[in-house]
Amino acid sequence: MPEVDVPVRLTTPEDAVPAYALPGDAGADLAVAEDVVLAPLQRALVGTGVAVAIPEGYAGFVHPRSGLAHRLGLSLVNAPGTIDAGYRGEIKVNLVNLDPSTPLTLRRGDRVAQLVVQPVVRARFVPVQQLPESRRGAGGHGSTGGHASASPKGVG
Ligand SMILES: O=c1ccn([C@H]2C[C@H](O)[C@@H](COP(=O)(O)OP(=O)(O)OP(=O)(O)O)O2)c(=O)[nH]1
Ligand SMILES: [Mg+2]
């Protein structure tokens, strides 16, 4: 996998530098810098103790962790959160407990999200009268089929 240097500053020496759990992982785990209790369906903006300087031409995307989502219903309100190259503040996570009945307790240091650093391009938006044709055209929102159905028969 290609690598890029990302300067990182910790709020305190006890905060964790984002780390990849395994070789080949796309996301480096981010931990909460404080204890948090989330009531069912409650959300909270929580610091990670980490600030980064993502190089120009890249951006960071903060994704949920699938295990916590699956086991506890923990997610991010704004998934994926966007970390701009110019941002020097602490990375914060917009946590939400999507479980409808069980409160969720997180301890400082728990890894709750993952940061994916990706190359990005900046678009030059060019106003035109007519867009070039394509096979998809204006079709969307399930136009190719296979979308889930609310009916007991399942997907169509
Ligand atoms: O999950 C997130 C999302 C964003 N940010 C920080 C980094 C990002 O560069 C900045 C702005 O994010 P965004 O552009 O998504 O938020 P906005 O509501 O548009 O705020 P702004 O007006 O500051 O751009 O906030 C985080 O710490 N965590
Ligand atoms: Mg913005």
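Cut-offs used in this document
- Residues numbered from 1 in each chain as written.
- Chains lettered and ligands numbered in written order.
- Predicted model: local features only at pLDDT ≥ 70, side-chain atom pairs only at ≥ 80, totals over all residues.
- Heavy atoms only, no water.
- Pairing = 2+ DSSP bridges.
- Helix = DSSP H or I, 4+ residues; strand = E, 2+ residues; numbered from the N terminus.
- Axes fitted to C-alpha atoms, helices over the stretch in contact; angles between N-to-C directions.
- Near = heavy atom within 4 Å.
- Polar contact = N/O pair within 3.5 Å; in protein donor to acceptor, adjacent residues only side chain to side chain.
- Areas by Shrake-Rupley, 256 points an atom, 1.4 Å probe, with all protein chains shown as cover.
- Nonpolar A, V, L, I, M, F, W, Y, C, P; charged D, E, K, R; others polar.
- Buried < 20%, exposed > 50% of the residue type's maximum accessible area, 1.4 Å probe, protein only.
- Contact = heavy atoms within 4.5 Å.
- Salt bridge = Lys/Arg side-chain N within 4 Å of Asp/Glu carboxyl O.

1. Topic: the sheet that holds strand β4 (residues 43-52)
For sheets, the rule is that strands pair by backbone hydrogen bonds, running either parallel or antiparallel. Read across the open sheet, the 4 strands follow the order β1-β4-β8-β6; overall the sheet is antiparallel. In the strand order of this sheet, the two ends are held by β1 (8-10) and β6 (74-76), each with one partner. For this sheet, the mean inter-axis angle between neighbouring strands, taken without regard to orientation, is 45°. Bridge analysis of β4 against strand β8 (residues 90-97) gives 6 bridges, and the strand direction is antiparallel. When the sheet's bridge partners are listed, Ala51 is paired in β8 with Glu90.

2. Remarks on the site of ligand 1
Lining the immediate environment of ligand 1, one finds Asn78, Gly81, Thr82, Ile83, Asp84, Tyr87, Glu90, Ile91, Lys92 and Asn94. At a separation of 3.2 Å, an oxygen atom of ligand 1 approaches a polar side-chain atom of Asn78. At 2.7 Å, a backbone N or O of Lys92 approaches a nitrogen atom of ligand 1. Expressed as a share of its isolated accessible area of 570 Å², the protein-covered part of ligand 1 is 49%. Taken together, the elements giving at least two residues each to the shell around ligand 1 come down to β7 (81-83) and β8. Per-element accounting of the shell around ligand 1 gives the leading share, 4 residues, to β8. For the shell around ligand 1, the class distribution of residues is 3 nonpolar, 4 polar and 3 charged.

3. Describing the side chain of Asn97
Position of Asn97 among the secondary structure elements: in strand β8. Under the relative-accessibility criterion, Asn97 is labelled buried at 0%. With residues up to four places along the chain from it excluded, the contact list for Asn97 reads Leu38, Ala39, Pro40, Leu41, Gln42, Leu72, Gly73, Thr102, Pro103 and Leu104.

4. A closer look at the pattern of salt bridges
Summed over the entire model, instances satisfying the criterion amount to 4 salt bridges. Measuring nitrogen to oxygen at the nearest pair gives 3.3 Å for the salt bridge that ties Asp15 to Arg108. Taken together, the residues Asp15 in the loop between β1 and β2 (28-31) and Arg108 in the loop between β9 (104-106) and β10 (111-119) connect sequence positions 93 residues apart. The exposure class assigned to Asp15 is buried, which follows from its relative accessible area of 8%. Here Asp29 makes a salt bridge to Arg65, at a shortest N to O gap of 3.8 Å. Taken together, the positions of Asp29 in strand β2 and Arg65 in the loop between β5 (58-64) and α1 (66-72) put the pair 36 residues apart, joining distant regions of the chain. When salt bridges that share partners are traced, they join Asp29, Arg65 and Arg111 into one network.

5. Let's talk about unusual backbone geometry
Cis peptide bonds are those with omega within 30 degrees of zero, and the linkage from Ala79 to Pro80 qualifies with -10°. Despite not being glycine, Leu41 shows a phi value in the positive range, around 65°. Mapped onto the fold, Leu41 is located in the loop between β3 (36-38) and β4. On the accessibility criterion, Leu41 (56% relative accessible area) is exposed.

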